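Reading the structure
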Amino acid sequence: MDAANHNWRKAKNTMMQTLAFACAILVILPLVLVFFHLVTQGASSINWAFFTQLPKPVGEVGGGMANAILGTFILITLASLIGVPVGVLGGVFLSEYTHKRLNWWIRFTADVTNGVPSITWGMVVYALIVVPMKGFSTLAGGIVLGLMMIPLIMRTTEEVLQLVPSGYREAALALGIAQWRMIIQIVVRTALKGIITGILLALARVAGETAPLLFTAFGNGYWTHKLTEPIAALPLQIFNYAISPYDDWHRQAWAGALVLILLVTAVNISVRVLTRDRFSRRSA
Amino acid sequence: MNETAPNQPAKNNAASQFGDRAFKGLTLLMALSVFVLIGLIGFELAHGSGIALRQFGWHFLFSSDWDPVNEKFGALPFIFGTLVSSAIGLIIAVPLSIATAVYLTELAPLWIRQPLTIFIELLAAVPSVILGLWGIFVMVPWLRGHLFPLLQKWFGFLPLFQGPIYGPSLLAGGIIIAIMILPIITSVSREILRSVPGLQREAAYALGATRWEVTRIAVLSYAKKGLFGAVILGLGRALGETMAVTMVIGNSPQIAKSLFAPGYTLASVVANEFSEATSDTYLSALFEIGLVLLGVTVLVNALAQLLLKTFAGPGVKPQH
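Residues numbered from 1 in each chain as written. Chains lettered and ligands numbered in written order. Predicted model: local features only at pLDDT ≥ 70, side-chain atom pairs only at ≥ 80, totals over all residues.

1. Here's the deal with the overall build of chain B
Note the following rule: By definition, any uninterrupted DSSP run of H or I lasting at least four residues is a helix, any uninterrupted run of E lasting at least two residues is a strand, and each is numbered from the N terminus. Counting other C-beta atoms within 10 Å of a residue's C-beta gives its exposure: the residue is buried at 20 or more, exposed at 12 or fewer, and partly exposed in between, where C-beta atoms are placed from the backbone. Contact between residues is assigned whenever the C-beta positions, reconstructed from backbone atoms, fall within 7 Å.
Along the backbone of chain B there are 12 helices and two strands. What you see in chain B, going N to C, is helices and strands ordered as α-α-α-β-β-α-α-α-α-α-α-α-α-α. Seen through its principal axes, chain B has C-alpha atoms that stretch 85 × 65 × 35 Å. Of all 320 residues assigned to chain B, the portion counted as buried reaches 48%. The contacts in chain B between residues at least 6 apart in sequence include a share of 77% that link residues at least 24 apart.

As structure tokens, then:
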């Protein structure tokens, strides 16, 4: 009877292991399928014109998303102007100055703010920027993405700074250097790679955001010349084309999606390859 | 910046003290910006929904009329759609992602863990709009042609699976939500399970437990609270998910019994109608929808963070 029980336990063990394996496969299945369809549906529409031309009006074959691709780069550049300094410096405070209770609250609020739906960010910047400026604009699009980056970068910066051994700090202070210079020259410099990783991941994330841009950057069929004009962005263009009734536009949407996912994935993979060193072992 | 001359210690000291104070003040200011951000979001949404709040009051949450032409606004169909699609998302995603996290930390051969983790992180990085595009052109036609008819055949006696099959539906929205929250629940659960002390496992092994028994007795029961936090975090994401859901849920403000019927969520009505809102009341009603969404997601996320943070406490400290 003992042997039977033992066999049953072993069988159950194998069963649960197989089941967990099956679940893991199911979890990555969508990723594989999405990539497969993006490549099969999108690759054929990617050509030189796609990267160099403006979108063509309905009915005309061809055209590209040059303005949307450039638009996305302009928007994330503007966003980093806001998100990077505020996020990194805030992260420095969380890691280097310990006011236990205050830091807990800042951390908690940053994490909760990270969970705020992206669409509500769009509404807020609409009320703050678009309404007073009387129009959708590049500026509003850059600002909304920049604000969304702040809590993201703050938390990743804090995390990598805390991986810097405290011996480094003590050694620097023992040499008589001021604390703020110690932080910049020793701590931040040591963790620079990790901080940049966090920034790049945040950029990759906001580069794919659509919802907050719907009523800030709004989209544009042409080139944008001023910060006060609406601007096209890759995710917006994909969305507008995907929900349109035209086959031509659907093909363009697939191509745009393939370009966007290659960008995002390239950043994600290169960041992981680049940071395989002593300070990134523990990151999530 | 050059080294200060060593024969001026007092001046050096004063300068560095000023530098210290200024730098600390600057970083503190930047760190405090998160309070400003969340405050700003709350204020702007509340301010924007002023007209609707005054005109409809609490009735807004319980009315199912959404008739912009006649200026009648009620959020119930959207609240219903959000809750149902998120519930479907959780029902699918929670078992799958916790099982995957268990597999990654406890059961999988070591060589498979790293690549699998990277795959899951890549899935987390897929932009919502791309998943929506895939949803419209690949997933929804497949659901309409294959899965939905099967579900109707097997479970058609339940009202949930009755009625005509369109394709874009509450169920399709729920499935897309599941795909979107799988990676976050998996990676947070994985972190939680990894923080379970090895001693827990060793003790169970020493009693002769099999790998699965160790997982169940020593790891899962220990990590319960943290895993619950991971699930709640996933719920927060599910409630606010916008683009992918908007593209597959059908966008029709109704409260239907069938999961095959199209629905609408709080986030998608804002995405679809905000830039077309013609009257002040209409815009204000959409702001109030945003306010409801914000309130719910902030509460849910706060709960998730509390669970995760209080779990992390005993998890990292040695237990005696």
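2. Digging into the overall build of chain A
The line we're drawing: To get the radius of gyration, use the C-alpha atoms; to get the globule rule, take the number of residues to the power 0.38 and multiply by 2.2 Å.
Within chain A, the secondary structure is distributed over 11 helices and zero strands. Relative to the globule expectation of 19 Å for 284 residues, the C-alpha radius of gyration of chain A, 24 Å, shows a markedly less compact shape. With 284 residues in all, chain A has 50% of them scored as buried. In chain A, the proportion of contacts linking residues at least 24 apart, taken out of those at least 6 apart, comes to 73%.

3. Digging into the domain arrangement of chain A
Residue and element names in this part refer to chain A. Under the convention used in this document: Domain start and stop points were drawn from an automatic or database domain assignment. Lys, Arg, Asp and Glu make up the charged group, whereas Ala, Val, Leu, Ile, Met, Phe, Trp, Tyr, Cys and Pro make up the nonpolar group; the residues left over, Gly among them, are polar.
The domain boundaries assigned to chain A delineate domain 1 (2-45) and domain 2 (48-280). Computed from C-alpha atoms alone, the centre-to-centre distance between domain 1 and domain 2 is 33 Å. Facing six residues of domain 1, the contacting portion of domain 2 comprises eight residues. Residue composition of the side of domain 1 that touches domain 2, by class: three nonpolar, three polar and no charged.

4. Points about the nonpolar core
Keep this limit in mind: Under the definition applied here, buried Ala, Val, Leu, Ile, Met, Phe, Trp, Tyr and Cys residues are grouped into a nonpolar core through C-beta atoms within 7 Å.
Counting residues in each nonpolar core, the largest one holds 195 residues, and the members touching the most others are Ile238 and Ala257 of chain A together with Ile130, Ile176 and Val270 of chain B. In terms of residue count, the dominant contributor to this core is helix 7 (residues 170-194) of chain B (16 residues). Residues contacting Ile130 of chain B, with those up to four places away along its chain left out, are Val34, Ile238, Ala257, Leu260 and Ile261 of chain A.

5. Focus: the packing of helix 8 (residues 198-206) of chain B against helix 9 (residues 211-240) of chain B
All names here are of chain B. Here is the rule: Axis definition: a line fitted to C-alpha atoms, limited for helices to the stretch in contact. Angles are taken between N-to-C directions and run from 0 to 180 degrees. Each crossing gets its handedness from the near helix: less than a right angle anticlockwise from the far helix is left-handed, clockwise is right-handed.
Following both chains from N to C, one finds helix 8 and helix 9 inclined at 145 degrees, their axes separated by 9 Å at the closest point. Read as a crossing pair, helix 8 and helix 9 show a hand that is right-handed. In contact with Gln200, Arg201, Ala203, Ala204 and Tyr205 of helix 8, helix 9 contributes Glu213, Val214, Ile217, Ala218, Val219 and Tyr222.

6. Focus on the packing of helix 6 (residues 138-161) of chain A against helix 9 (residues 192-207) of chain A
All names here are of chain A. Going by this rule: An angle below 35 degrees is treated as roughly parallel, one above 145 as roughly antiparallel, one from 65 to 115 as roughly perpendicular, and anything else as oblique.
Between helix 6 and helix 9, whose axes approach to 9 Å, the crossing angle comes to 150 degrees. The orientation of helix 6 relative to helix 9 falls into the category roughly antiparallel. Judged by the twist between their axes, the crossing of helix 6 over helix 9 is right-handed. Note on element contacts: helix 9 touches helix 6 through Gly194, Ile195, Gly198, Ile199, Leu201, Ala202, Arg205 and Val206, opposite Leu145, Met148, Met149, Leu152, Ile153, Thr156, Thr157 and Val160. Tallied by class, the residues present in the contact of helix 6 with helix 9 amount to 11 nonpolar, four polar and one charged.

7. Points about the interface of chain A and chain B
The interface of chain A with chain B comprises 70 residues on the first partner and 75 residues on the second. In terms of residue count, helix 1 (residues 2-42) of chain A provides more of the side of chain A that touches chain B than any other element does, 18 residues in total. Of the residues assigned to the side of chain A that touches chain B, the class counts are 50 nonpolar, 15 polar and five charged.

8. A closer look at the domain arrangement of chain B
Residue and element names in this part refer to chain B. Here chain B is described as being made up of domain 1 (15-48) and domain 2 (53-316). The straight-line distance from the C-alpha centre of domain 1 to that of domain 2 is 32 Å. Contacts between the two partners involve five residues from domain 1, matched on the other side by five residues from domain 2. Of the residues that constitute the side of domain 1 that touches domain 2, the class distribution is three nonpolar, two polar and no charged.

9. So, helix 9 of chain A
Residues and elements named next belong to chain A. So the rule is basically this: Take the number of residues in a helix, subtract one, and multiply by 1.5 Å to get its expected span.
Taking 1.5 Å of rise per residue, the 16 residues of helix 9 would be expected to cover 22 Å, and the 22 Å separating its terminal C-alpha atoms lies within 8% of that figure. Turning to helix 9, its buried residues are Gly194, Ile195, Thr197, Gly198, Ile199, Leu201, Ala202, Leu203, Arg205, Val206 and Ala207. In this fold, the buried residues of helix 9 make contact with helix 3 (66-96), helix 6, helix 8 (179-190) and helix 11 (247-274).

10. Some remarks on unusual backbone geometry
Residue and element names in this part refer to chain A. One non-glycine residue, Lys134, lies in positive phi territory at about 55 degrees. Assessed through the 8 C-beta atoms surrounding it within 10 Å, Lys134 is described here as exposed. For Phe218, which is not glycine, the phi torsion reads 70 degrees and is therefore positive. Among the structural elements, Phe218 can be located in the loop between helix 9 and helix 10 (234-242).

11. Some remarks on helix 9 of chain B
Worth spelling out the cut-off: Bend, at a single residue, is the angle you get between axes fitted to the 7 residues ending at that residue and the 7 residues starting at it.
Between the first and last C-alpha of helix 9 of chain B there are merely 38 Å, a value that for 30 residues lags more than 12% behind the 44 Å anticipated at 1.5 Å per step. Residue Lys224 of chain B marks the point of greatest curvature in helix 9 of chain B, where the axis turns by about 65 degrees.

12. Concerning the confidence of the model for chain A
Rules: Scored from 0 to 100, pLDDT reflects the predictor's confidence in each residue.
Across chain A, pLDDT averages 92, with 96% of residues at or above 70. Segment residues 278-284 of chain A: pLDDT under 50, and 10 contacts once partners within four positions in sequence are set aside and those in other chains are kept.

13. A short note on the confidence of the model for chain B
Residue and element names in this part refer to chain B. The pLDDT averaged across chain B works out to 91; a share of 93% of its residues lies at or above 70. Contacts for the low-pLDDT stretch residues 1-8, under 50 throughout, to residues beyond four places or in other chains number two contacts. Contacts for the low-pLDDT stretch residues 314-320, under 50 throughout, to residues beyond four places or in other chains number five contacts. Reported for the predicted complex are a pTM of 0.92 and an ipTM of 0.93.

14. Observations regarding the environment of Leu293 of chain B
Residues and elements named next belong to chain B. Inspection of the secondary structure assignment puts Leu293 in helix 12 (residues 280-316). C-beta crowding within 10 Å serves as the criterion here: with 28 such atoms nearby, Leu293 is assigned to the buried category. Considering only alpha carbons, one finds Leu293 and Leu266, 27 residues apart in sequence, at a separation of 6.6 Å.

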